[in-house]
Amino acid sequence: MNLLLIEDDSNIIDTVRLALKLCWPKAKLFSASQGRQGIDLVGTKNPDIVLLDLGLPDVNGFNVIKEIRSFSTVPIMIITIRSDERDIVKGIELGADEYVVKPFGQMELLARIQALLRRQNNRYQESTISAGNIYFSPTMGNLVVGDRNIKLSRTEGLIMYELIKNAGHIVTYDRLAEVIWGSTNPEAVNSIRVYICSLRDKIELDSHKPKIILNQAGVGYFLNVRCENDDLT
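Presented here is a report on the structure given in the accompanying data block. None of these values were measured; they are calculated from a predicted model. (Residues numbered from 1 in each chain as written. Predicted model: local features only at pLDDT ≥ 70, side-chain atom pairs only at ≥ 80, totals over all residues. Heavy atoms only, no water.)

## With respect to the overall build of the chain
Regarding its fold elements, the chain presents eight helices and 12 strands. Taken against the 2.2 N^0.38 rule, which gives 17 Å for 233 residues, the C-alpha radius of gyration of the chain at 18 Å falls within 12% of a compact globule. Referenced to the eigenvectors of the C-alpha coordinate spread, the extents of the chain come out at roughly 50 × 35 × 30 Å. Out of the 233 residues belonging to the chain, those deemed buried represent 48%. Counting only contacts in the chain whose residues sit at least 6 apart along the sequence, the fraction spanning at least 24 positions is 60%. For the chain, the exposed area adds up to about 11100 Å²; of that, 47% sits on carbon and sulfur atoms. Taking the average place of the 27 positive charges on the side chains of the chain and the average place of its 29 negative ones, the gap between the two points comes to 4 Å. (Helix = DSSP H or I, 4+ residues; strand = E, 2+ residues; numbered from the N terminus. Rg over C-alpha atoms; globule rule 2.2 N^0.38 Å. Buried < 20%, exposed > 50% of the residue type's maximum accessible area, 1.4 Å probe, protein only. Contact = heavy atoms within 4.5 Å. Areas by Shrake-Rupley, 256 points an atom, 1.4 Å probe, with all protein chains shown as cover. Lys, Arg positive; Asp, Glu negative; His and termini not counted. Charge placed at Lys NZ, Arg CZ, Asp CG, Glu CD.)

## Considerations on helix α8 (residues 188-203)
With 16 residues, α8 extends 22 Å between its outermost C-alpha atoms, agreeing within 8% with the 22 Å of an ideal straight helix rising 1.5 Å per residue. If you check which residues of α8 are buried, you get A188, S191, I192, V194, Y195, I196, S198, L199, R200, K202 and I203. (Expected span 1.5 Å × (residues − 1).)

## Quick word on unusual backbone geometry
A cis geometry characterises the amide bond from K102 onward to P103, with omega recorded as -5 degrees. Mapped onto the secondary structure, P103 falls in the loop between β5 (98-101) and α5 (106-123). Located in the positive-phi region is N46, a residue other than glycine, with phi close to 50 degrees. Looking at the secondary structure, you find N46 in the loop between α2 (35-45) and β3 (49-53). For N46, a relative accessible area of 60% corresponds to the exposed category.

## Here we look at the packing of aromatic side chains
Applying the stated criterion across every chain, the model contains two aromatic pairs. Geometrically, the ring pair formed by Y99 and Y195 is tilted, given 6.2 Å between the ring centres and 50 degrees between the ring planes. Taken as a pair, Y99 in strand β5 and Y195 in helix α8 lie far apart in primary sequence, 96 residues in all. Note on Y99: relative accessible area 7%, which makes it buried. Summarising the aromatic geometry, the rings of Y173 and Y221 are spaced 5.6 Å apart at their centres and angled 85 degrees between planes, so their arrangement reads as edge-to-face. In this pair, Y173 sits in helix α7 (residues 173-181) while Y221 sits in strand β12 (residues 220-223), placing the two residues 48 residues apart along the sequence. (Phe/Tyr/Trp six-rings, centres within 6.5 Å; stacked < 30°, edge-to-face > 60°.)

## Concerning the pairing of strand β8 (residues 142-145)
With burial as the criterion, only one face of β8 is covered, namely that bearing L143 and V145; the residues N142 and V144 on the opposite face remain uncovered. Note: strand β7 (residues 134-137) against β8, four bridges, orientation antiparallel. Each residue of the ladder has a partner; that of F136, found in β8, is L143. Taking the residues that link successive antiparallel strands as the turn, the β7-β8 hairpin has four residues, and the phi of G141 there is positive, at about 70 degrees. Here β8 folds back onto strand β9 (residues 148-151), and the loop between the two strands holds two residues, one of which, G146, carries a positive phi near 65 degrees. (Pairing = 2+ DSSP bridges.)

## Concerning the nonpolar core
If you look at the biggest cluster of nonpolar residues, it comprises 54 residues, and the most contacted ones within it are L143, M160, I164, I192, I203, I213 and L223. The contact partners of M160, leaving out residues within four places of it in the chain, are I134, L143, L152, L199, I203, I213 and L223. Within the second largest apolar cluster, 21 residues are counted, among which are V16, L29, M77 and L109. (Core = buried A, V, L, I, M, F, W, Y, C linked by side-chain atoms within 4.5 Å.)

Written as structure tokens, this is what we have:
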């Protein structure tokens, strides 16, 4: 497995390198302290996953995501000190697949990398699914809502697939956590809310007054199959 870490903090680089050495000794780590260098390495090294800091000295991390997504579908995990939900949602909307907020534990990071790579492998085993006026193709990451075509990240796709599969019924936080990470974790609910927020920004006509993805407080989310076609276009 090849990992690319785009990060200018030497302490973070050392932390990741040590974790890999202890747990995944056969893994190769490439690092870049500049965003532009990191973008170039995605093309030349073809990594299995990119770990990306948003606060880079030369290029804004959001722009790095944009440029990588213009030529590669490599999984991108944001590593950031920014715990503001708006920053995380923006990164996901641009095409990032996962995020970890600094400071983080070594085992947490490795577990999230494993989960993201597992999602990457499992994603292409699913076939196109639909509910009402909503269609989703996991292989393309393409969601059709009415007459709109929307590109989803891997994690957004996993959530949307589960909601469509269970349209009209509540999908619990625990079930969504299992789909995304393979197990529940203490931060699952907050993380799921971030992804739902990103999905609503892409899908809903007014994300502050959702009509498609609804929630039952403290339980989970469900796809509203009673929503009229006019509301989806």
